[in-house]
Amino acid sequence: MASFVAKVVTRCEEALETKHLNLSECELIQVPDAVYHLMRHTELKTCDLSSNVITKISPKFAVKFSLITDLNLSHNQMARLPDELADLHSLEMLDISHNTFITLPAVVFKMPKLRELKANNNAIIDIDRDEIIASDSLELVDLRHNPLTPMCHDLLKHAVLSFRIELSERVKEDWEDLTECE
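On a predicted model such as this, the values are computed, not experimentally measured, just so you know.

K.L.:
How would you explain the sheet that holds strand β2 (residues 46–48) if you had to name every residue and give the values?
P.N.:
The seven strands are arranged β1-β2-β3-β4-β5-β6-β7 in an open sheet whose pairing can be described as parallel. Every other strand in the sheet has two partners, leaving β1 (20–22) and β7 (164–166) as the edge strands with one partner each. The average undirected angle you get between the axes of adjacent strands in this sheet is 5 degrees. As paired elements, strand β4 (residues 93–95) and strand β5 (residues 116–118) share three bridges and run parallel to each other. Across the sheet, the residue bridging to Met 93 is Glu 116, located in β5.

Below, the structure is given as structure tokens:
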């Protein structure tokens, strides 16, 4: 435990110089308040929180780190994002891959400069169609390796959007083959 605390403090000290906060692999369940305190006079550009056991991001994250352009939340245990992340007006790259999302968080379509969203390897089964169509800045949404419903997969595959969506090939479910046995 103490070694992880030391690791977090050391990495915060490094970020004071580099403006890149790397808290990956620190066994965090959330961003500790001490991190916000240590970084209070630093304008971070990137934040890497990957490979932890984070289940949620505090709404104050967007207030404290409002200028970041790159946020990596991959390889955690997150199923939702706070609406306050829409206040990350400079965020261009968001990685929420390898988490437990079952729907694509609506807040990602409210981030004004978001260009790339990695949401692969989650448990996303459906996407709110009203949300996904609306984004001026998005260039790429990676939804590979998600168990999208057949209807959602087909809709996304044939949708005319201003950005590219990456999808895995859809594998037919066992029950879908039953009609061929008649």
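K.L.:
Quick rundown of the nonpolar core? Include the residues and the values.
P.N.:
Counting 50 residues, the largest nonpolar core has Leu 21, Leu 49, Phe 61, Leu 71, Leu 81, Leu 94 and Leu 117 as the members making the most contacts within it. Where this core is concerned, the elements lending two or more residues are α1 (2–18), α2 (33–38), α3 (60–64) and α5 (150–158). The leading source of residues in this core is α1, at three residues. With near-sequence residues (within four places) excluded, Phe 61 lies in contact with Val 31, Tyr 36, Cys 47, Leu 49, Ile 68, Leu 71, Leu 85 and Leu 88.

K.L.:
How would you sum up the state of the cysteines? Please name residues and give values.
P.N.:
Per the stated rule, a full pass over the model turns up zero disulfides. Of all cysteine sulfurs in the structure, the one in Cys 12 sits closest to Cys 26, which takes part in no disulfide; the separation is 8.7 Å. Taking the relative accessible area as the measure of exposure, Cys 26 reaches 2% and is therefore buried. Looking at Cys 47, it has no disulfide partner, and the nearest cysteine sulfur is the one in Cys 12, 9.0 Å off.

K.L.:
Can you lay out the pattern of salt bridges for me, pointing to particular residues and giving the numbers?
P.N.:
Under the criterion given, the structure shown has seven salt bridges. Residue Glu 139 pairs with Arg 115 through a salt bridge whose shortest N-O separation is 3.7 Å. Within this pair, whereas Glu 139 is found in the loop between α4 (129–132) and β6 (140–142), its partner Arg 115 is found in the loop between β4 and β5, the two being separated by 24 residues in sequence. Look at Glu 139 and you get partly exposed, because its relative accessible area is 45%.

K.L.:
Any details on unusual backbone geometry? Residues and values, ideally.
P.N.:
Leaving glycine out, the prevailing phi sign among residues is negative, and the prevailing peptide bond configuration is trans. Although it is not a glycine, His 98 adopts a positive phi angle of roughly 55 degrees. Along the chain, the position of His 98 falls in the loop between β4 and β5. At Asn 121, a residue that is not glycine, the phi angle is positive and equals roughly 55 degrees. With relative accessibility at 27%, the residue Asn 121 sits in the partly exposed group.

K.L.:
For the packing of aromatic side chains, give the residues involved together with the corresponding values.
P.N.:
To describe a pair of aromatic rings, you give the distance between the ring centres and the angle between the ring planes. Counted according to the given criterion, the structure contains two aromatic pairs. Ring centres 5.5 Å apart and planes at 35 degrees place the aromatic pair Tyr 36 and Phe 65 in the tilted group. Residue Tyr 36 is located in helix α2, and its partner Phe 65 is located in the loop between α3 and β3 (70–72); the two are separated by 29 residues in the primary sequence. By relative accessible area, which is 5% here, Tyr 36 ends up buried. Where Phe 61 meets Phe 65, the ring centres are 5.0 Å apart and the plane angle is 80 degrees; that geometry is what we call edge-to-face. When its relative accessible area of 3% is taken as the criterion, Phe 65 is described as buried. Members of the aromatic cluster, connected to one another through ring pairs, are Tyr 36, Phe 61 and Phe 65.

K.L.:
Residues and numbers for the side chain of Ser 74, please.
P.N.:
For Ser 74, the location among the structural elements is in the loop between β3 and β4. Classification of Ser 74 as buried rests on a relative accessible area of 5%. Among the polar contacts made by the side chain of Ser 74, one reaches the side chain of Asn 72 at a distance of 2.7 Å.

K.L.:
Residues and numbers for the environment of Ser 135, please.
P.N.:
Tracing the chain through its elements places Ser 135 in the loop between α4 and β6. According to the relative accessible area criterion, Ser 135 is buried, its value standing at 11%. Considered as a pair, Ser 135 and Pro 112 are 23 residues apart in the sequence and their alpha carbons are 8.0 Å apart. Apart from the residues lying within four places of it in its own chain, the contact partners of Ser 135 are Phe 109, Ser 162 and Phe 163.

Conventions and cut-offs
- Think of each chain on its own: its residues are numbered from 1, step by step along the sequence as written.
- For this predicted model, a pLDDT threshold of at least 70 governs which residues receive local features, and a threshold of 80 or more governs which side-chain atom pairs are given and counted, while totals over whole chains, interfaces and linings are taken from all residues.
- As a convention, hydrogens and water are excluded, and side-chain values are obtained from all of the structure's heavy atoms.
- Here, any two strands with at least 2 DSSP bridges between them count as paired.
- Helix and strand assignments follow DSSP, with helices taken as H or I runs no shorter than four residues and strands as E runs no shorter than two, numbered in order from the N terminus.
- Axes, fitted as lines to C-alpha atoms, cover a helix only where it is in contact. Angles between the N-to-C directions of the axes lie from 0 to 180 degrees.
- Buried residues of nine kinds, namely Ala, Val, Leu, Ile, Met, Phe, Trp, Tyr and Cys, make up a nonpolar core once their side-chain atoms join them within 4.5 Å.
- Think of it in three bands: residues with accessible area under 20% of the maximum for their type are buried, residues over 50% are exposed, and the middle band is partly exposed, with areas taken using a 1.4 Å probe on protein chains only.
- The criterion used for residue contact is that any of the two residues' heavy atoms lie within 4.5 Å.
- The criterion for a disulfide is a pair of cysteine sulfur atoms lying within 2.5 Å.
- Salt bridge, as applied in this entry: a Lys or Arg side-chain nitrogen positioned within 4 Å of an Asp or Glu carboxyl oxygen.
- Stacked, edge-to-face and tilted labels apply to pairs of Phe, Tyr and Trp rings (six-membered ring for Trp) whose centres lie within 6.5 Å, assigned for plane angles under 30 degrees, over 60, and everything in between, in that order.
- Here a polar contact means two N or O atoms within 3.5 Å. Within protein one must be a hydrogen donor candidate and the other an acceptor candidate, and residues neighboring in sequence count only if both atoms are side-chain atoms.

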